[in-house]
Every structure is written in structure tokens, then in C-alpha cells.
Amino acid sequence: LWTTVHAGSALGILNRLINLGADREDLKDPRTVGGLIYQRLLGVLCRSCRITLREAVKTGEIEAELAEKLVEITGQDDEALKCRGKGCSSCFMGLAGRTVVAETIRPDARLLELYMSDSRIKAESYWLTPWDDGGLGGAPVLHHAMVKVGAGIVDINEVQEEVDLVENYERELGHLIPRLRKEIVELRRIMAAPA
């Protein structure tokens, strides 16, 4: 059992294992590779002092162009989207803890075969293809981060610094935008439910 392998993505773990000396043939077997998880920790916005995206644009903490792009991609308005506040007695500099954003893969034989036969782009495409279309229905860490931005949990500035750029989401993962919007609505519903 490998508990920690430093890599830049869930699929990148396979490359890292090869670099560490794992046999490529063994890595083609889904019984050997039962799951791959890549994660990052991001700050949770303080609910007492977080500000709206509209306020963040007015104070210059967010560029207007980025705010417009965020509204367009998430389907949320600039009052619903939140950004880090200055801090208050309930938090530390606008943050009230940490949350994980991750990508998880439960590889099957096809994914591993594609990856190990140097078809990494095809392997990633297969992973990202929805179940209904014959893929694994995966989503990268940036997608998970954007869901949490849309739900008002994390700050877009930290996502751009620690995970990836919004423009890359739009360019590379634009096909996931309908799914993103549904997941934001669902997460907001869960957060609003009584405990």
C-alpha cells in the first residue's frame, strides 16, 4: 500500500510509481492499482466576514474580467459568489479552516492499458468521458475546486494560486460546465439543509 506519492495529478501517480521502480506490467492490473487520489487543501471562507464577488471587484481584490468569467462559468451571480474577507473574531485572516479538493480515479483495465501504452491523452479523455458515453465519469481537481468556489466555500484567488487558472477550466474542461452548475446547486442545497 502506497499512502503518499508526490505527483501533480491522479494519473501522474502512475508515472511517479514507474519512476520509483514499479513494474509497468504490474501497473496494468486494476487489482494492483485499486485507486488513485490527488488532493490539495484550500482555506474555507469565514461565513462571518466573507464578501460577495461584487464587493471584491469594487475593492480591487478581484479583477472584473475574472469575476465576469466566474459568473459565466458557474451560473451563479456576483452576490452569490463569495471571496475572502479581511478577517474577524471568528476566523484567521478570513479563513475558518481547510477543505480538500481532489480528483479520484478507480482505474479499470482499459484506463491502465491506455496509460501504460503511452496513450496518456487517450487515458485522460477516457477518464473524463461520462459513464453514459462509455467513460469513467471522472473530474479533475480544478473541477472540484470550482464547485467549491461556486458554493461559496473557497476563494477563487486561492484556487488560481494553488490549483489552476479559471481560463484553463474554460478552455480544457468547458464540456464539464453543465455538470459543474448542477454540482454547485446540489452542494448549496446540502449546505442549506439543517444539521
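Refer to the structure printed above.
Computed from a predicted structure; not experimentally measured.

Rules used throughout
- Residues numbered from 1 in each chain as written.
- Predicted model: local features only at pLDDT ≥ 70, side-chain atom pairs only at ≥ 80, totals over all residues.
- Heavy atoms only, no water.
- Helix = DSSP H or I, 4+ residues; strand = E, 2+ residues; numbered from the N terminus.
- Buried < 20%, exposed > 50% of the residue type's maximum accessible area, 1.4 Å probe, protein only.
- Contact = heavy atoms within 4.5 Å.
- Areas by Shrake-Rupley, 256 points an atom, 1.4 Å probe, with all protein chains shown as cover.
- Lys, Arg positive; Asp, Glu negative; His and termini not counted.
- Charge placed at Lys NZ, Arg CZ, Asp CG, Glu CD.
- 1 Å grid on protein atoms, 1.4 Å probe; cavity = no way out; pocket = protein on both sides within 12 Å on 5 of 7 lines; lining within 4 Å.
- Points joined across faces, edges and corners; volume = space filled by probe spheres on them.
- Polar contact = N/O pair within 3.5 Å; in protein donor to acceptor, adjacent residues only side chain to side chain.
- Phe/Tyr/Trp six-rings, centres within 6.5 Å; stacked < 30°, edge-to-face > 60°.
- Lys NZ or Arg CZ within 6 Å of the ring centre and 35° of its normal.
- Axes fitted to C-alpha atoms, helices over the stretch in contact; angles between N-to-C directions.
- Parallel < 35°, antiparallel > 145°, perpendicular 65-115°, else oblique.
- Left-handed = near helix turned anticlockwise from the far one by under 90°.
- Nonpolar A, V, L, I, M, F, W, Y, C, P; charged D, E, K, R; others polar.
- Core = buried A, V, L, I, M, F, W, Y, C linked by side-chain atoms within 4.5 Å.
- Salt bridge = Lys/Arg side-chain N within 4 Å of Asp/Glu carboxyl O.
- Patch = residues over 30% accessible without salt bridge, like charges linked within 9 Å, V, L, I, M, F, W, Y side chains within 5 Å.

Undergrad: I would appreciate a short explanation of the overall build of the protein in the present structure.
TA: Along its length, the protein carries ten helices and four strands. N-terminal to C-terminal, the α/β element order of the protein is α-α-β-β-α-α-β-β-α-α-α-α-α-α. Oriented by its inertia axes, the alpha-carbon framework of the protein measures out at about 55 × 35 × 35 Å. Here the protein holds 195 residues, and the buried ones make up 43% of them. Taking the contacts inside the protein whose residues are at least 6 apart along the sequence as the reference set, 71% of them involve residues at least 24 apart. Only carbon and sulfur atoms are counted for the fraction: they give 50% of the accessible area of the protein, which is about 11,000 Å². Measuring between centres, the 25 positive side-chain charges of the protein sit 4 Å from its 30 negative side-chain charges.

Undergrad: How should I be thinking about the layout of surface pockets in this particular structure?
TA: Space inside the second largest pocket adds up to approximately 350 Å³. Listing elements by their share of the lining of the second largest pocket, those giving two or more residues are β1 (36-45), α6 (120-128), α7 (141-150) and α9 (166-173). Considering every element that reaches the lining of the second largest pocket, the biggest residue donor is α6, with four residues.

Undergrad: Help me understand the side chain of E103, please; the structure alone is not making it clear to me.
TA: Position of E103 among the secondary structure elements: in strand β4 (residues 95-105). One polar contact links the side chain of E103 to the main-chain amide nitrogen of A10, over a distance of 2.7 Å.

Undergrad: Is there a simple way to think about the packing of aromatic side chains in this case?
TA: Aromatic ring pairs: the centre-centre distance and the angle between the two ring planes describe each pair. Scanning all chains against the criterion turns up zero aromatic pairs. Lying across the ring of Y115, R120 places its NZ or CZ 4.7 Å from the centre.

Undergrad: I tried to follow helix α1 (residues 12-19) on my own but got confused; where do I start?
TA: By the burial criterion, the buried members of α1 are G12, I13, L14, L17 and I18. In the core, the buried residues of α1 are packed alongside α2 (24-27), β1 and α5 (109-116). Residue G21 follows α1 closely and has a positive phi angle near 105°.

Undergrad: It is not clear to me how the packing of α1 against α5 should be interpreted in this structure. Could you clarify?
TA: Contact geometry of α1 with α5 gives a least axis separation of 11 Å together with a crossing angle of 60°. One way to sum up the angle between α1 and α5 is to call them oblique. The two elements α1 and α5 cross, and the hand of that crossing is right-handed. Residues G12, L14, N15 and I18 of α1 pack against L112, Y115 and M116 of α5. Looking at the contact of α1 with α5 residue by residue, the class counts come to five nonpolar, two polar and no charged.

Undergrad: Is there a simple way to think about the nonpolar core in this case?
TA: Among soluble globular proteins, nonpolar side chains are generally buried collectively. M146, I156 and Y169 are the most contacted members of the largest nonpolar core, which totals 54 residues. By residue number, the principal contributor to this core is α7, which donates six residues. Setting aside residues up to four positions removed in sequence, I156 forms contacts with I62, L66, L70, M146, V149 and V166.

Undergrad: Any chance you could explain the pattern of salt bridges here in plain terms?
TA: Two side chains with opposite charge may pair up if their charged atoms get near one another. Applying the stated criterion across every chain, the model contains 13 salt bridges. Between E183 and R179 there is a salt bridge, with the nearest N and O atoms lying 2.7 Å from each other. One end of the pair, E183, and the other, R179, are both in helix α10 (residues 177-192), four residues apart, so they sit about a helical turn from each other. We classify E183 as partly exposed; its relative accessible area is 27%. Since its relative accessible area comes to 28%, R179 is described here as partly exposed.

Undergrad: How should a negative patch on the surface be read in this particular structure?
TA: A cluster of like negative charges, contributed by E63, E65, E68 and E167, occupies part of the molecular surface. By the secondary structure assignment, E68 is in helix α4 (residues 64-74).

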